[in-house]
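Structural description and commentary
Here are the chains, one letter per residue:
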Amino acid sequence: MTDKLDKASGPADTPPAGSTPHEPIRAIPVRHYGRWISAVVILALVVALGYAFSQGNVRWATVPEKLFDGSIIKGLFNTIWISVASMAVGLVLGVVFAVMRLSKNPVTSTIAWFYIWLFRGTPVYVQLLIWFNLALIFPVLNLGFYKDEMTQVMTPFLAALLGLGLNEGAYMAEIVRAGIQSVDEGQTEASHALGMTQTQTMRRVVLPQAMRVIVPPTGNEFINMLKTSSLVVAVQYYDLLRAAQDIASTSFAVMEMFFVASIWYLALTSVFSVGQYYLERYYARGALRTLPPTPWQKVKANLSRFSNRKAVA
Amino acid sequence: MTAMVKAEGVHKSYGAAHILKGIDLEVAPREVFCLIGPSGSGKSTFLRCINHLEKINGGKLYVDGDLVGYRQKGDKLYELKDSEVAAQRRDIGMVFQRFNLFPHMTAIENVMEAPVMVKGESKAVARERAIRLLDRVGLGDKGNNYPSMLSGGQQQRVAIARALAMEPKLMLFDEPTSALDPELVGDVLDVMRDLAESGMTMIVVTHEMGFAREVGDNLVFMDGGVVVESGHPREVLGNPQHDRTKAFLSKVL
Ligand SMILES: Nc1ncnc2c1ncn2[C@@H]1O[C@H](COP(=O)(O)OP(=O)(O)O)[C@@H](O)[C@H]1O
Ligand SMILES: [Mg+2]
């Protein structure tokens, strides 16, 4: 990375003093007939599909009616809550197991390997069901200071959290490991040479730099989580999909309710994508000489260019 | 007076590769000690052993009278814990060929990091010292720049300031100017010269023979993991006794 940085930027965008003035090139651009044809074909298909939907057994008016239904909103918040909580569990486990996986201690790294192997190798749906039915193996939970029936302990929320969180942890461990390994060894050395301990080095030097590699796939993981969380229907957790299904089964508005759920899932993933953009920008500091503009800055730049052009005209 | 660094028959291997084959040397306090030798002769390895970035396989290594990386009780050696090794390294500054500045921190944050994290110093105190040190290396106006916005020579001077912030009693330089464009070497050497004049004990691995001759108090020529020749820089460089030294110097001078 550093060798890129050695070459201090010169005044690259100002032309050298002796350069001769030049005429801008005037040429007729290439015509892209293929693009026009394919655009027309695709548009026709979209119209046909839209027509099919409008003629199908769907009462469209139901969709906006139910979009803000009380139970839908409750399910929506539960979906956000279980996704965020599971992701948090996944992140913590991911960091812990990534560090363990890279440990020089063979026992520690084997444990981490086993965890990743197990939880990545089985379907998350099955894992959810196993947690939910854990009482079949451990009828009573006894932690010494705390004792209760497993069926009482393993609420839908806890089963969902363990199922999604532990599964996510296995994926995050691999992402975090790749991130840690992407950081130059010289960084660890410099930090150790300053007298920082292993833990301080990991927290202050390695992980912040690993973030640049970790954040983009983690954003994808979270977007996946928002959608995968719909599997918690299997453990009776009342999420967005469950709320939609409940209404569907009583009102016979089956497709309508699936559309309602889809609209909310799309809204969630879209809002999060914007957040991810800013997060990636934050962790790029120091790595990029100039940060890319935020969407808002782009809009402002375009507006000012537009008004300048008007002023000239 | 105890030597600042004392090596007694230091051996180091990586697996089957025997890199250091019995290094004996002594560096006195306030001394500028230059280490030269062909690439692969073990110079970096030796420096890294001094602050225990590498474990030695044989011999003994003392810094300011303390055994590096171990505690001796009777005739038994006990390995130090991670936190104890870290504590030993506080007093030894190191400057790397490739700078190794923390790219996610500004210049001033790089310099503040260790005093705040390791010594638990308040940010205000650390910042004040960082400003002073950046001034000293001629970068008083670059404190808020990230390393990527600095030239190589500037980065290396920040790296020196970062090491000095821990107020070390010994500074290790591993080819600090080898990765720099020729016109940037002078600024870094000036900072090092200034540091030497202030009385810092320094071990400098370098190919800058001019610097070694002018600033060095002692010079060692290493080859194949052993010390081949040592003495005052002007003597070793001006009148080498061994054929290997002569052959090496004829290539670099
Ligand atoms: N981590 C390592 N593992 C194996 N061999 C190494 C390692 N570090 C250095 N070496 C070997 O040790 C020898 C000495 O390296 P080094 O101390 O860097 O030499 P110098 O700094 O004098 O050029 C080289 O042959 C190098 O390949
Ligand atoms: Mg070297």
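That block above? That's the structure.
All of these numbers come straight from a predicted model, not from anything done at the bench.

Looking at the interface of chain B and chain A
At the junction of the two partners, chain B supplies 34 residues and chain A supplies 28 residues. In this assembly, chain B packs against chain A so that about 2,700 Å² is buried in total across both faces, 57% of it on carbon and sulfur atoms. It is His104, Met117 and Ser148 of chain B that lose the most area in chain B upon contact with chain A, and together they represent 23% of the buried surface on that side. The tally of links from chain B across to chain A stands at two salt bridges. Between Arg48 of chain B and Glu189 of chain A there is a salt bridge, with the nearest N and O atoms lying 2.6 Å from each other. The tally of links from chain B across to chain A stands at seven residue pairs in polar contact (both at pLDDT 80 or more). Secondary-structure elements contributing two or more residues to the side of chain B that touches chain A are helix 2 (82-89), strand 8 (92-95), helix 3 (107-119) and helix 5 (152-164) of chain B.

Structural notes on the sheet that holds strand 5 (residues 66-67) of chain B
Residues and elements named next belong to chain B. The four strands are arranged 2-1-4-5 in an open sheet whose pairing can be described as antiparallel. Among the strands making up the open sheet, the edge pair consists of strand 2 (17-27) and strand 5. Examined bridge by bridge, strand 4 (residues 58-63) and strand 5 share two bridges and lie antiparallel to one another. Its bridge partner lying in strand 5, Val63 is registered against Asp66. Set on the sheet, helix 1 (residues 43-50) makes contact with strand 1 (5-14), strand 2 and strand 4; between it and strand 2 the angle comes to about 65 degrees.

Looking at a nonpolar patch on the surface
All names here are of chain A. A cluster of nonpolar side chains, contributed by Val274, Tyr278, Trp296, Val299 and Leu303, occupies part of the molecular surface with about 500 Å² of accessible area. Elements supplying a minimum of two residues to the nonpolar patch: helix 12 (254-283) and helix 13 (295-312). Looking at the nonpolar patch, the element that brings in the most residues is helix 13, giving three residues. Here Tyr278 shows up in helix 12.

Here we look at the sheet that holds strand 3 (residues 32-36) of chain B
Residues and elements named next belong to chain B. Spatial ordering of the open sheet is given by 8-9-10-3-11-12, a layout of six strands whose pairing is mixed. Of all the strands in the sheet, just strand 8 and strand 12 (226-231) have a single pairing partner and so form its edges. With strand direction ignored, the average angle separating the axes of adjacent strands in the sheet is 20 degrees. Here strand 3 pairs with strand 11 (residues 218-223) via four bridges, running parallel. Within strand 11, the residue paired with Phe33 across the bridge is Asn218.

Remarks on the pattern of salt bridges
Applying the stated criterion across every chain, the model contains 21 salt bridges over all chains. Arg71 of chain B serves as the salt-bridge partner of Glu84 of chain B, at 2.6 Å between the closest nitrogen and oxygen. Of this pair, Glu84 of chain B sits in helix 2 while Arg71 of chain B sits in strand 6 (residues 70-73); the two residues are 13 residues apart in sequence, bridging distant segments of the chain. Measuring nitrogen to oxygen at the nearest pair gives 3.0 Å for the salt bridge that ties Asp190 of chain B to Arg193 of chain B. You can see Asp190 of chain B and its partner Arg193 of chain B sitting in helix 6 (residues 182-197), three residues apart, about one turn around the helix. Using a relative accessible area of 43% as the deciding quantity, one classes Asp190 of chain B as partly exposed. The exposure class of Arg193 of chain B is partly exposed, given its relative accessible area of 24%. The network of salt bridges with common partners includes Glu189 of chain A together with Lys12, Arg48 and Glu54 of chain B.

Things to note about the site of ligand 1
Residues and elements named next belong to chain B. Taken together, Tyr14, Ile19, Pro38, Ser39, Gly40, Ser41, Gly42, Lys43, Ser44 and Thr45 are the residues near ligand 1. Between Ser41 and ligand 1, the recorded distance is 3.2 Å, taken from a backbone N or O atom to an oxygen atom. Thr45 places a polar side-chain atom, nitrogen or oxygen, 2.5 Å from an oxygen atom of ligand 1. Out of a free accessible area of 560 Å², ligand 1 has 56% covered by protein chains. With three residues, the top contributor of residues to the shell around ligand 1 is helix 1. Considering only residue class, the shell around ligand 1 consists of three nonpolar, six polar and one charged.

Topic: helix 4 (residues 123-136) of chain B
Residues and elements named next belong to chain B. Compared with an ideal rise of 1.5 Å per residue, which puts 14 residues at 20 Å, helix 4 spans 20 Å between its outermost C-alpha atoms and is within 8% of the ideal. Restricting attention to buried positions, one finds in helix 4 the residues Ala126, Arg129, Ala130, Leu133 and Leu134. Buried residues in helix 4, looked at end-on, bunch into an arc of 135 degrees, giving them a common side. Away from its buried face, by an angle of more than 90 degrees, helix 4 presents the exposed residues Ala124, Glu128, Arg132 and Asp135. Looking at the packing, one finds that the buried side of helix 4 touches helix 3 and helix 5.

Some points on the packing of helix 4 (residues 70-101) of chain A against helix 12 of chain A
Residues and elements named next belong to chain A. Here helix 4 crosses helix 12 at 40 degrees, and the two axes come no closer than 11 Å. It follows that helix 4 is oblique to helix 12 by the angle criterion. Note on packing geometry: the crossing formed by helix 4 with helix 12 is right-handed. Where helix 4 abuts helix 12, its residues Ile72, Ile73, Leu76, Thr79 and Ile80 lie against Met257, Val260, Trp264, Tyr265 and Leu268. Looking at the contact of helix 4 with helix 12 residue by residue, the classes come out as nine nonpolar, one polar and no charged.

Some details on the environment of Leu91 of chain A
All names here are of chain A. Checked against the element boundaries, Leu91 lands in helix 4. With 201 residues separating them along the chain, Leu91 and Pro292 place their C-alpha atoms 27 Å apart. Excluding anything up to four places from it in sequence, Leu91 contacts Met172 and Thr218.

A closer look at the side chain of Asn78 of chain A
Residues and elements named next belong to chain A. Structurally, Asn78 can be placed in helix 4. Judged by its relative accessible area of 18%, Asn78 falls in the buried class. When near neighbours in sequence (up to four residues on either side) are disregarded, Asn78 contacts Tyr237, Tyr238 and Asp239.

Thresholds applied
- Residues numbered from 1 in each chain as written.
- Chains lettered and ligands numbered in written order.
- Predicted model: local features only at pLDDT ≥ 70, side-chain atom pairs only at ≥ 80, totals over all residues.
- Heavy atoms only, no water.
- Contact = heavy atoms within 4.5 Å.
- Buried area = accessible area lost by both parts, 1.4 Å probe.
- Salt bridge = Lys/Arg side-chain N within 4 Å of Asp/Glu carboxyl O.
- Polar contact = N/O pair within 3.5 Å; in protein donor to acceptor, adjacent residues only side chain to side chain.
- Helix = DSSP H or I, 4+ residues; strand = E, 2+ residues; numbered from the N terminus.
- Pairing = 2+ DSSP bridges.
- Axes fitted to C-alpha atoms, helices over the stretch in contact; angles between N-to-C directions.
- Patch = residues over 30% accessible without salt bridge, like charges linked within 9 Å, V, L, I, M, F, W, Y side chains within 5 Å.
- Areas by Shrake-Rupley, 256 points an atom, 1.4 Å probe, with all protein chains shown as cover.
- Buried < 20%, exposed > 50% of the residue type's maximum accessible area, 1.4 Å probe, protein only.
- Near = heavy atom within 4 Å.
- Nonpolar A, V, L, I, M, F, W, Y, C, P; charged D, E, K, R; others polar.
- Expected span 1.5 Å × (residues − 1).
- Arc of directions from axis to C-beta.
- Parallel < 35°, antiparallel > 145°, perpendicular 65-115°, else oblique.
- Left-handed = near helix turned anticlockwise from the far one by under 90°.

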